[in-house]
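So the chains spell out like this:
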Amino acid sequence: MVNFNNIEAYYRYVAPKASNLSGANTIGATLTVALFNPLYLKFGASWGSGGGGSVTGATKGNYDFASIQAGAGFHTSLINEKLTFVAEAGLVYASLKAQDTSVSFSDGSIYVRPALRFTPLTWLEVQAGVTVSSADKYDSKMIDLSTYFRVLPMFDIGIGGDFGNTTRAFRTSLRLRW
């Protein structure tokens, strides 16, 4: 069954599509808290850094990336309890500070994320969502895919990917449910 009371910590490798930036190793966490059925709150933060390097003689800039988010969501079962529709909306702030390049930015935006969460087996959950935001300089459109494997009654291991218009990312996570 899909759960809306959890804390998740993750490692994420972000590959910017901007050719003058190298990939970034990021860490982050999200907290999801059910208010009352069918509403929940979600808070998150992440930080990462990308090292420099060079490609065909051009130097890539070192950079730090950080983001925070706060949102509220709604969920409802479709067809049966195994398939859940989720709609989330909120605020996100992202900041990138780069050396030796003009790519630096700070961007606050509003986001909306419809998604499906499917639990075909008691130990497996699959999520797919689309995030659309008002961001000018960071991913304004993103498709995310995640799979969680239950390894203990309240503990999951997850893998997933995010595919946006300015970045693509791959992540692994640990999730504690209550």
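Residues numbered from 1 in each chain as written. Predicted model: local features only at pLDDT ≥ 70, side-chain atom pairs only at ≥ 80, totals over all residues. Heavy atoms only, no water.

Caption draft 1: Just empty space enclosed by the protein, in detail. Enumeration according to the criterion identifies one cavity of 30 Å³ or more in this entry. One number sums up the size of the largest cavity: a volume of about 900 Å³. Forming the boundary of the largest cavity are 40 residues, of which Thr30, Lys42, Gln69, Arg113 and Thr131 lie nearest the centre. Residues of the lining of the largest cavity, tallied by class, amount to 15 nonpolar, 13 polar and 12 charged. (1 Å grid on protein atoms, 1.4 Å probe; cavity = no way out; pocket = protein on both sides within 12 Å on 5 of 7 lines; lining within 4 Å. Points joined across faces, edges and corners; volume = space filled by probe spheres on them. Nonpolar A, V, L, I, M, F, W, Y, C, P; charged D, E, K, R; others polar.)

Caption draft 2: Quick peek at unusual backbone geometry. Residue Pro38 is reached from Asn37 by a cis peptide bond, and omega for that bond is 15°. Here Pro38 lies in the loop between β2 (24-36) and β3 (39-50). The backbone of Ile79 sits at a positive phi, close to 50°, despite the residue not being glycine. Mapping Ile79 onto the fold places it in the loop between β6 (63-78) and β7 (83-98). (Helix = DSSP H or I, 4+ residues; strand = E, 2+ residues; numbered from the N terminus.)

Caption draft 3: Highlighting the environment of Pro114. Within the secondary structure, Pro114 is located in strand β8 (residues 105-121). Sequence separation of Pro114 and Ala87 is 27 residues, and the distance between their C-alpha atoms is 4.4 Å. The contact partners of Pro114, leaving out residues within four places of it in the chain, are Phe85, Val86, Ala87, Gly129 and Val130. (Contact = heavy atoms within 4.5 Å.)

Caption draft 4: Structural view of the pattern of salt bridges. Applying the stated criterion across every chain yields a total of 10 salt bridges. Close ionic contact of Arg12 with Asp162 constitutes a salt bridge, the shortest N to O distance being 3.0 Å. Separated by 150 residues along the polypeptide, Arg12 in strand β1 (residues 6-16) and Asp162 in strand β11 (residues 155-164) bring together distant segments of the chain. Asp162 matches Arg12 in its accessibility class, with the two residues each being buried. In this structure, Arg117 engages Glu125 in a salt bridge whose closest nitrogen and oxygen atoms are separated by 2.8 Å. As far as the burial class goes, Arg117 and Glu125 line up, both buried. (Salt bridge = Lys/Arg side-chain N within 4 Å of Asp/Glu carboxyl O. Buried < 20%, exposed > 50% of the residue type's maximum accessible area, 1.4 Å probe, protein only.)

Caption draft 5: Region of interest: the pairing of strand β9 (residues 124-133). In terms of strand pairing, β8 meets β9 through seven bridges, oriented antiparallel. Of the residues in β9, the one forming a bridge with Ala115 is Gly129. Counted between consecutive antiparallel strands, the loop separating β8 from β9 contains two residues. (Pairing = 2+ DSSP bridges.)

Caption draft 6: Structural view of the nonpolar core. Judged by nonpolar contacts, Leu21, Ala24, Tyr63, Phe65, Ala94, Leu96, Ala98, Phe105, Ala135 and Tyr138 together constitute the single largest core of 10 residues. Broken down by secondary-structure element, the contributors of at least two residues to this core are β6 and β7. It is β7 that contributes the most residues to this core, three residues altogether. What Ala135 contacts, discounting residues up to four positions off in sequence, is Asp107, Ser109 and Ser140. If you look at the next biggest cluster of nonpolar residues, it comprises five residues, including Val2, Phe4, Tyr40 and Val86. (Core = buried A, V, L, I, M, F, W, Y, C linked by side-chain atoms within 4.5 Å.)

Caption draft 7: Just the side chain of Thr30, in detail. Within the fold, Thr30 resides in strand β2. Under the relative-accessibility criterion, Thr30 is labelled buried at 12%. The residues contacting Thr30, other than those within four sequence positions of it, are Asn6, Ile7, Glu8, Tyr10, Lys42, Phe43 and Gly44.

Caption draft 8: Summary view of the packing of aromatic side chains. Inspection of every chain in the model, using the stated rule, returns three aromatic pairs. For the pair Phe163 and Phe170, a centre-to-centre distance of 5.7 Å together with 75° between the ring planes defines the contact as edge-to-face. Assessed through its relative accessible area of 36%, Phe163 is described here as partly exposed. A cation over a ring is seen here: Arg117 above Phe4, with NZ or CZ 4.7 Å from the ring centre. The ring centre of Tyr148 lies 3.8 Å from the NZ or CZ of Arg175, which sits over that ring. (Phe/Tyr/Trp six-rings, centres within 6.5 Å; stacked < 30°, edge-to-face > 60°. Lys NZ or Arg CZ within 6 Å of the ring centre and 35° of its normal.)

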